Amino acid sequence: KDRGITVISEIEVAYRLCPAPILAITGTNGKTTTTTLLGEMIKRMNPEVVVGGNIGLALSREVAEIGEKGIVIAEISSFQLEGIIDFKPHIAAILNITPDHLDRHHTIENYIEMKERVFANQTKTDYIVLNYDDSTVRAMENKVASQVFFFSSERELPAGIYIKEGIITITWDDKSIPVCPVKDITLPGRHNVENVLAACSIAYLAGVKVEDMVQTIQEFTGVEHRIEKVAVINDVAYYNDSKATNPES
């Protein structure tokens, strides 16, 4: 950088190589669960799906053989966003913001700024999915050029996805669409309700049928190392939650 040489991150390389639209998910917690769940939803609509980024193989490797009709679903970290230039997902989501990786970013303000880079290059033909219940994320609405789609597990929204009388409900383009009862979610915890709402938001904007979302939600049992039930011994349940690596998680 001191010599004027451009330095980019690996996801920027992937973006430049990728002919297909990218759906990107970032935030402090819940990225892998949401990305994996979304991948299963999208596969019901389009079998040519790549899931990668901050999970699995390098995204540039994953997109190498995908065509224009495919879809790329990417978990994106603040570290990866630090080195982007043109990276522009068609649909992006920010799940939540709590202090993390401050050994790298030094201040929470810098960390937030890195997360906001996920929508920095978006235009009005793109979408950003934001967590209405997280005040830091909600305030990002004022910084985006893309269309904002909110999700909330705590209140009904005039537009976006929320819970109404125990039913996950989408309101968008003057339509109100019931998805499924919250009790159909097999994953434990309120945070996983938020993850499901985020995945449904992106899936809906990407054109996935509601019935395909519902079937995926009902069948999805989670990702290993994330409140993963491993055994019941003497009537005591044991869970592997080794991916919980910050106080909030």
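Calculation criteria
For every chain, the first residue of its written sequence is number 1, and the numbers climb from 1 along that sequence. Totals for whole chains, interfaces and linings use all residues, but because this is a predicted model, local features are given only for residues with pLDDT of at least 70 and pairs of side-chain atoms are given and counted only at 80 or more. Side-chain measures were taken over the full set of non-hydrogen atoms in the model, leaving aside hydrogen atoms and water. Per-residue accessibility, obtained with a 1.4 Å probe over protein chains only, is compared with the maximum for each type, and a residue is labelled buried under 20%, exposed over 50%, and partly exposed between these values. By the criteria applied, helices consist of DSSP H or I runs no shorter than four residues and strands consist of E runs no shorter than two, each listed in order from the N terminus. By the convention used here, residues are in contact when the closest approach between their heavy atoms is within 4.5 Å. Among buried residues, those of type Ala, Val, Leu, Ile, Met, Phe, Trp, Tyr and Cys that are joined through side-chain atoms within 4.5 Å constitute a nonpolar core. For Phe, Tyr and Trp, rings pair up if their centres lie within 6.5 Å, where Trp contributes its six-membered ring, and each pair is then called stacked (planes under 30 degrees apart), edge-to-face (over 60) or tilted (otherwise). As a reminder, the over-ring test applies to NZ of lysine and CZ of arginine, requiring each to be within 6 Å of the ring centre and within 35 degrees of the ring normal. Salt bridge, as used here, is a side-chain nitrogen of Lys or Arg placed within 4 Å of a carboxyl oxygen of Asp or Glu. Confidence of the predictor at the level of single residues is given by pLDDT, which spans 0 to 100. Expected helix span is taken as 1.5 Å per residue step, with the number of steps being one fewer than the number of residues. Whenever two N or O atoms come within 3.5 Å, that pair is a polar contact, provided that in protein one can donate a hydrogen and the other can accept it, and provided that, for residues adjacent in sequence, both atoms are side-chain atoms.

## A few points about helix α9 (residues 210-219)
Along α9, the residues classified as buried are V210, D212, M213, V214, T216 and I217. In this structure, the buried side of α9 is in contact with α2 (31-43), β8 (167-172), β9 (175-181) and α8 (190-206).

## Some points on the nonpolar core
Grouped together as the largest cluster of nonpolar side chains are 42 residues, with contacts concentrated most on L38, I170 and M213. In terms of residues, this core owes the most to one element, α8, which gives 10 residues. In this structure, L81, I84, M140 and F150 belong to the second largest nonpolar core, which totals 32 residues.

## Section: the packing of aromatic side chains
Considering all chains together, one arrives at three aromatic pairs under this definition. When the ring of Y15 is compared with that of F87, the centres are 5.9 Å apart and the planes differ by 75 degrees; the resulting orientation is edge-to-face. Remark: F87 occurs in the loop between α4 (78-81) and β4 (91-94) and Y15 occurs in helix α1 (residues 10-17); sequence separation between them is 72 residues. For F87, a relative accessible area of 0% translates into the label buried. Judged by centre distance (5.1 Å) and plane angle (90 degrees), the ring pair of Y132 and F150 falls under edge-to-face. One end of the pair, Y132, is in the loop between β5 (127-131) and α7 (135-138); the other, F150, is in strand β6 (residues 147-151), and 18 residues separate them in sequence. The cationic tip of R138 hangs over the ring face of Y132; the distance from NZ or CZ to the ring centre is 4.9 Å.

## Here we look at the pattern of salt bridges
According to the stated counting rule, one finds 11 salt bridges in the structure shown. Among the salt bridges present, the one from D86 reaches R16, with a minimum N-O distance of 3.8 Å. Within this pair, whereas D86 is found in the loop between α4 and β4, its partner R16 is found in helix α1, the two being separated by 70 residues in sequence. Since its relative accessible area comes to 40%, D86 is described here as partly exposed. The partly exposed category is assigned to R16, whose relative accessible area is 48%. Of the charged contacts in the structure, one is a salt bridge between E194 and R190, with a shortest N-O distance of 2.9 Å. Of this pair, E194 and R190 are both found in helix α8, four residues apart, which corresponds to roughly one turn of the helix. When salt bridges with common partners are traced through the structure, they connect D133, E154, R155, R190 and E194 into a single cluster.

## Some points on unusual backbone geometry
A positive phi angle, close to 55 degrees, is found at E165, a residue other than glycine. You will see that D174, though not glycine, has its phi angle at about 65 degrees, which is positive. Looking at the secondary structure, you find D174 in the loop between β8 and β9. You can call D174 exposed: its relative accessible area is 84%.

## Some points on the environment of A203
Of note, A203 is situated in helix α8. For A203 and I91, which are 112 residues apart along the polypeptide, the C-alpha to C-alpha distance reads 9.6 Å.

## Points about the confidence of the model for the protein
Averaged over the protein, the pLDDT score is 91; the fraction of residues at 70 or greater is 97%. The secondary-structure element of the protein with the lowest mean pLDDT is helix α5 (residues 102-105), recorded at 68, while β5 shows the highest, at 98.

## Quick look at α2
Its 13 residues give α2 an end-to-end C-alpha distance of 18 Å, which sits within 8% of 18 Å, the value for a rise of 1.5 Å per residue. Among all positions in α2, only K31, T32, T33, T34, T35, L37, L38, G39, M41 and I42 are buried. In this fold, the buried residues of α2 make contact with β1 (22-26), β2 (49-53), β3 (71-75), α6 (108-116), α8 and α9.

## As for the side chain of T26
For T26, the location among the structural elements is in strand β1. Within polar-contact distance, the side chain of T26 engages the backbone oxygen of I76 at 2.7 Å. Sequence-distant contacts of T26, that is, excluding residues within four places in its chain, are made with K31, I76, S77, L81, A93, I94, L95, K115 and V118.

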